[in-house]
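What follows is each chain in one-letter form.
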Amino acid sequence: MNRVIELTFIFILTGLLTYDFFLSNEFGFLWVKWLLLVSYSILIVTSLFMRKGERNKRSNNVWEVGFTVYIVALLAFFTSIGGQSASGLSFYDPFLWVVVVISLVDTFWSAKREREVM
């Protein structure tokens, strides 16, 4: 069940980024944003009630790194095909890089602590 939630999470986040880069200027697609936001909220609430620890720590570390790389790659792809973020997401935004670095450093530190415990 965790895999289904993770894949749904990726699908919804991809939809939100697609909306932000391409459809946000179209008034007719306003319902898409709200549908995606409601779905995202339901998914977060559902994942909070799921059992913790179904996956091992190593798998979680791989998921976190893969997810971060996926988001950066998606931003690069959308920018390269001519998309413009309505919310200001860009590679020139220092906040994006701070979040990416913190995410990766935290993942690598937790992997290092896990190896030391073993």
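Keep in mind the model is a prediction, meaning the values are calculated, not measured.

Now for the overall build of the protein. Within the protein, the secondary structure is distributed over four helices and zero strands. Along the protein, helices and strands appear, N-terminal first, in the series α-α-α-α. Split into buried and exposed, the 118 residues of the protein put 29% on the buried side. Within the protein, counting contacts between residues at least 6 apart in sequence, those at least 24 apart form 79% of the total. Only carbon and sulfur atoms are counted for the fraction: they give 70% of the accessible area of the protein, which is about 8,500 Å².

What follows concerns the nonpolar core. In this structure, Leu17, Phe67, Ile71 and Leu75 are the most contacted members of the largest nonpolar core, which totals 20 residues. Mapped onto this core, the elements with two or more residues apiece are helix 1 (2-23), helix 2 (30-49), helix 3 (57-80) and helix 4 (94-117). Residue contributions to this core peak at nine residues, all from helix 1. When neighbours within four sequence positions are excluded, Phe67 is seen to be in contact with Phe9, Ile10 and Leu13.

Per the stated rule, a full pass over the model turns up seven aromatic pairs. Ring centres of Phe9 and Phe67 lie 5.3 Å apart, and the angle between their planes is 40°; on these two criteria the pair is classed as tilted. Remark: Phe67 occurs in helix 3 and Phe9 occurs in helix 1; sequence separation between them is 58 residues. Neither residue differs from the other here; Phe9 and Phe67 are each classed as buried.

So, on to a nonpolar patch on the surface. Residues Phe22, Phe77 and Ile81 make up a contiguous nonpolar surface patch of about 280 Å² in total accessible area. Inspection of the secondary structure assignment puts Phe77 in helix 3.

Conventions and cut-offs
- Residues numbered from 1 in each chain as written.
- Predicted model: local features only at pLDDT ≥ 70, side-chain atom pairs only at ≥ 80, totals over all residues.
- Heavy atoms only, no water.
- Helix = DSSP H or I, 4+ residues; strand = E, 2+ residues; numbered from the N terminus.
- Buried < 20%, exposed > 50% of the residue type's maximum accessible area, 1.4 Å probe, protein only.
- Contact = heavy atoms within 4.5 Å.
- Areas by Shrake-Rupley, 256 points an atom, 1.4 Å probe, with all protein chains shown as cover.
- Core = buried A, V, L, I, M, F, W, Y, C linked by side-chain atoms within 4.5 Å.
- Phe/Tyr/Trp six-rings, centres within 6.5 Å; stacked < 30°, edge-to-face > 60°.
- Patch = residues over 30% accessible without salt bridge, like charges linked within 9 Å, V, L, I, M, F, W, Y side chains within 5 Å.
- Salt bridge = Lys/Arg side-chain N within 4 Å of Asp/Glu carboxyl O.

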